[in-house]
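Observations on the model geometry
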Amino acid sequence: MENNCLNDLATEAGITSEYINAYGKPQAIPAEIRHRILEAMSTDIPVGRPVSHLHASPLPNVKVVIPGQMVTLPLEDTNNYQWQIHTEQGEILHGHCQHQFTLPTDLSLGYHTLSLITEEKPETVSRQYSIQLIVAPERCYEPDAITRGEKLWGACVQLYTLRSESNWGIGDFGDLKYMLQELAQCGGAFIGLNPLHAIYPAMPENASPYSPSSRHWLNIIYIAVHQIEDFNYSIEAQEWWHSAETQSKLQQARQTEWVDYTTVMTLKMAALRLVYPQFKRRSGDDPQQIIFQNFVTKGGKNLYYQAAYDALHHKLYGENNVYWGWPVWPEEYREPENDAVKTFCHSHPQEIEFFLWLQWIADTQLAECFTISQANQMPIGIYRDLAVGVAQGGSETWCNRNIYCTKASVGAPPDILGPRGQNWGLPPMNPHVLKAQAYQPFIELLRSNMRHCGALRIDHVMSLLRLWWIPQGETADKGVYVHYPVDDLLAILALESQRNHCLVIGEDLGIVPEEIVDKLRDSGVYSYKVFYFERNEQGEYRAPDEYPVQAMATINTHDLPTLRGFWQNEDLILGESIGLYPDKALLADLYSERKRCKQALLTSLNRHGYLPEELSKTDTPSSFQRSVSLTQTEHPMSHAINQGIHRYIARSTCALLGLQPEDWLDMERPVNIPGTTEEYPNWRRKLTSTLEAIFSDSHINHLLQTIEECRKQG
């Protein structure tokens, strides 16, 4: 009986009992897994009380609607009510109702408050209930250039990989500014970036942009220190900068093949601590001081706690490196409202303000980059990336403990390329607490990440519908899907997208349930089409004119091999060497499939006229097959094949095209291997050339010119 009750509660909580696996087969979820996930969210869903009955109000605490829809809310009692709607625009609407309340159909877009007041007899006390009423548009924002039918293109860049003659061993906002200007001259419409989320100044080697401390604030390692005005004014900073020791470390950091996060962060923090006193010398009415104080005021408690977390983490981790995050901090520091935390903040005000200042500098430099892109007439400019979650011990979970279920983590179920599944180690948001908080954490997250950009990529966009939850301590194959209020979340996404003039791209790779495909398309979310995967049931590559318009086409992603790596099987060779493919039969199948992929690719390039002349011997089918075979055995990835693939995808009918500089440079090594942590130096591999060299290279300039011409013809 108890198990049946738990099963019913799990179902009502959105915990699925089965799913369709990567092989298209239904797979049941063991009851024990479902119960453990229910327990992980049980602090907010008391056992024995259905989820839908958590609210004492006759109305839900939040209602999301589309203009023009006829929406009637049952009141479930016989009271007479007065109702009032206070709109975000300051208008007040009112009336009377009983049994049910029908919303006005002409409400303005925005966040309104609906109040119900019972009309009681004189001897009784009236009761008032208020709910958040969100009126959202049907579709997300699209730039004018796209609605006019233009085919836009840009570069997809992992910012830390950029080399330049001026950076400090890692790509920074100064490099981004330079690259935006150069790409704009080539006709590029945007630069797509990895997540810029705050990580850990005290632990720079924890470098994954997809496992951040907070998604609301920025990673200060991207600050271009030499572009801070006060860096040039500070005598102390300039003496440090010109010292032989600093210049030696700087050259060493620039020349390394992999990003040396510790050295880079040490250099930058040393410089920034010298610059900060120079900023403090500015008078209170100095324009920069005023702008900084306004930034702090607007950031509110969330920003203050970010600075407090970074300052406290810096102190504790410096004392003992076991203190990697708040779950293992001394007990008195584990809650931001604890007296010990308040005491620390009161006794270290300069340290807190220093970290506030760092966030302001980072925000200011990113804003300058976006301004540069707009001044150069780029239709999108900067396209940011919102990670699917945050690290368990970071500042975001420290600040809003209730929303995150720390006894579970999210990931992906086993599939053909990842037979063990993936456990990303990120605690999931509790969908029921999210709704109880009127979706405010989600709204704030979108606003934080739609700043200073013209587009936002939603990593693992299926998370708006469902997420693969894994009980604490279990492997990825022991998980279960948990459903989220997808219609509400998509509506809010559309509202914030329109308000911020921010295009939305949904990373919809992997197992994509049919039920969300239409929802994403109808909501104006752009799909993500990776060239490697765009093949039909016969294994043929999709023709350029068969791609959907409402999508972004790419050749690959940060999780996939480069073009050269793909062609030379380097991803399979590397994966085998680090133990990703223990099943030799599966590995052999992957090699065979790769051979078929390359043959199909050459066939498609030839059919559409993009195969290099020396390989397109099409007198007879058999002669072409021989040329394919020769290409695979005697001709490695060549400049001509690389260019042919770029031209092929550039002619796709997708509204957006994102290309990686790694492929312009014919690089081999990947930047990340999914499913690994220690086996490969993820998030560290740099580009092989500086930005100055890239944009002065005649071959690359010719390639970019060709791409621009193809997009205009498309």
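None of the values given here were measured: they were computed from a predicted structure.

Glancing now at the overall build of the chain. A tally of regular secondary structure across the chain gives 24 helices and 23 strands. With the principal axes as the frame, the chain shows a C-alpha extent of 95 × 65 × 50 Å. Looking at the 714 residues of the chain, the share that counts as buried comes to 56%. Sequence separation of at least 24 residues holds for 72% of the intrachain contacts in the chain that already meet a minimum separation of 6. In the chain, 58 positive and 86 negative side-chain charges are present, and the distance between their average locations comes to 2 Å.

Attention now moves to unusual backbone geometry. Even without a glycine there, the phi angle at Gln 377 is positive, about 65 degrees. Residue placement: Gln 377 occurs in the loop between helix H11 (349–375) and strand S14 (381–386). The exposure class of Gln 377 is exposed, given its relative accessible area of 67%. Look at Tyr 439: it is not a glycine, yet its phi comes out positive at around 65 degrees. Relative to the helices and strands, Tyr 439 is located in the loop between helix H13 (431–436) and helix H14 (440–449).

Annotation of the chain at the domain level lists domain 1 (67–135), domain 2 (154–165 + 174–192 + 528–615 + 630–671 + 687–713) and domain 3 (195–378). At the junction of the two partners, domain 2 supplies 17 residues and domain 3 supplies 20 residues. Summed over both sides, the interface of domain 2 with domain 3 buries roughly 1,600 Å², with 60% coming from carbon and sulfur. Three residues stand out in domain 2 for area buried against domain 3, namely Tyr 160, Arg 163 and Lys 177, and they jointly supply 33% of the buried area on that side. Inspection of the domain 2/domain 3 interface yields two salt bridges. Salt-bridge contacts for Glu 368 lead to Lys 177; the nearest nitrogen and oxygen are separated by 3.3 Å. Taken together, the connections running from domain 2 to domain 3 amount to six residue pairs in polar contact (both at pLDDT 80 or more). Per element, the largest residue contribution to the side of domain 2 that touches domain 3 is seven residues, and it comes from helix H4 (residues 173–185). Here the side of domain 2 that touches domain 3 is built from residues that sort into seven nonpolar, six polar and four charged.

One open sheet holds the four strands; their spatial order is S16-S15-S18-S19, and the pairing between them is antiparallel. At either margin of the open sheet sits one strand with a lone partner, and together these are strand S16 (422–426) and strand S19 (480–483). The average undirected angle you get between the axes of adjacent strands in this sheet is 45 degrees. Note: strand S15 (residues 408–412) against S16, three bridges, orientation antiparallel. Counterpart to Gly 411 in the pairing with S16 is Asn 423. Sitting on the sheet, helix H2 (residues 31–40) touches S15, strand S18 (466–471) and S19, and the angle it makes with S18 is about 95 degrees.

Summarising the element assignment, Pro 104 is placed in the loop between strand S7 (100–102) and strand S8 (110–118). Sequence-wise, Pro 104 and Glu 496 are 392 residues apart; in three dimensions their C-alpha atoms are separated by 22 Å. Dropping the residues within four chain positions of it, Pro 104 is found in contact with Trp 83, Ile 85 and Leu 93.

This part is about helix H9 (residues 287–319). Each full turn of the α-helix corresponds to 3.6 residues, which orients residues three or four apart in the same direction. An ideal rise of 1.5 Å per residue puts 48 Å on 33 residues; H9 reaches only 38 Å between its terminal C-alpha atoms. At Gly 300, H9 shows its maximal bend, which comes to roughly 105 degrees. Taking the backbone nitrogen of Gln 288 as reference, a side-chain oxygen 2.8 Å away marks Asp 286 as the first, capping residue of H9.

Moving on: the packing of aromatic side chains. For any pair of aromatic rings, geometry is given as the distance between the ring centres together with the angle between the planes. Taken as a whole, this structure holds 29 aromatic pairs when the rule is applied. Ring geometry for Trp 468 against Tyr 481: centres 4.9 Å apart, planes inclined by 70 degrees, an arrangement best described as edge-to-face. Here the residue Trp 468 occupies a position in strand S18, and Tyr 481 occupies one in strand S19, the gap between them amounting to 13 residues. Three or more aromatic residues link up through ring pairs in this structure, and these residues are Tyr 276, Phe 279, Phe 292, Phe 354, Phe 355, Trp 357 and Trp 360. Across the ring face of Tyr 547, the terminal group of Arg 542 is positioned such that the distance to the ring centre comes to 5.4 Å.

As a further point, take the pattern of salt bridges. Counted according to the given criterion, the structure contains 37 salt bridges. Taking the shortest distance from any N to any O, the salt bridge between Arg 281 and Glu 236 comes out at 3.8 Å. Taken together, the positions of Arg 281 in the loop between helix H8 (261–280) and H9 and Glu 236 in helix H6 (residues 235–242) put the pair 45 residues apart, joining distant regions of the chain. Salt-bridge contacts for Asp 487 lead to Lys 519; the nearest nitrogen and oxygen are separated by 2.8 Å. Here Asp 487, found in helix H15 (residues 486–499), pairs with Lys 519, found in helix H16 (residues 514–522); they are 32 residues apart in sequence, far enough to count as distant. Where salt bridges share partners, they join Glu 229, Asp 230, Arg 282 and Asp 286 into one cluster.

Another point: the pairing of strand S9 (residues 128–135). Taken across its eight residues, S9 has six buried, putting it largely inside the fold. Pairing of strand S3 (residues 62–65) with S9, which is carried by four bridges, proceeds in the parallel orientation. Within S9, the residue paired with Lys 63 across the bridge is Leu 133. Note: S8 against S9, eight bridges, orientation antiparallel. If you follow Ile 117 over to S9, its bridge partner there is Gln 128.

The rules we used
Residues numbered from 1 in each chain as written. Predicted model: local features only at pLDDT ≥ 70, side-chain atom pairs only at ≥ 80, totals over all residues. Heavy atoms only, no water. Helix = DSSP H or I, 4+ residues; strand = E, 2+ residues; numbered from the N terminus. Buried < 20%, exposed > 50% of the residue type's maximum accessible area, 1.4 Å probe, protein only. Contact = heavy atoms within 4.5 Å. Lys, Arg positive; Asp, Glu negative; His and termini not counted. Charge placed at Lys NZ, Arg CZ, Asp CG, Glu CD. Domains from an automatic or database assignment. Buried area = accessible area lost by both parts, 1.4 Å probe. Salt bridge = Lys/Arg side-chain N within 4 Å of Asp/Glu carboxyl O. Polar contact = N/O pair within 3.5 Å; in protein donor to acceptor, adjacent residues only side chain to side chain. Nonpolar A, V, L, I, M, F, W, Y, C, P; charged D, E, K, R; others polar. Pairing = 2+ DSSP bridges. Axes fitted to C-alpha atoms, helices over the stretch in contact; angles between N-to-C directions. Expected span 1.5 Å × (residues − 1). Bend = angle between axes of the 7 residues up to and from the residue. Phe/Tyr/Trp six-rings, centres within 6.5 Å; stacked < 30°, edge-to-face > 60°. Lys NZ or Arg CZ within 6 Å of the ring centre and 35° of its normal.

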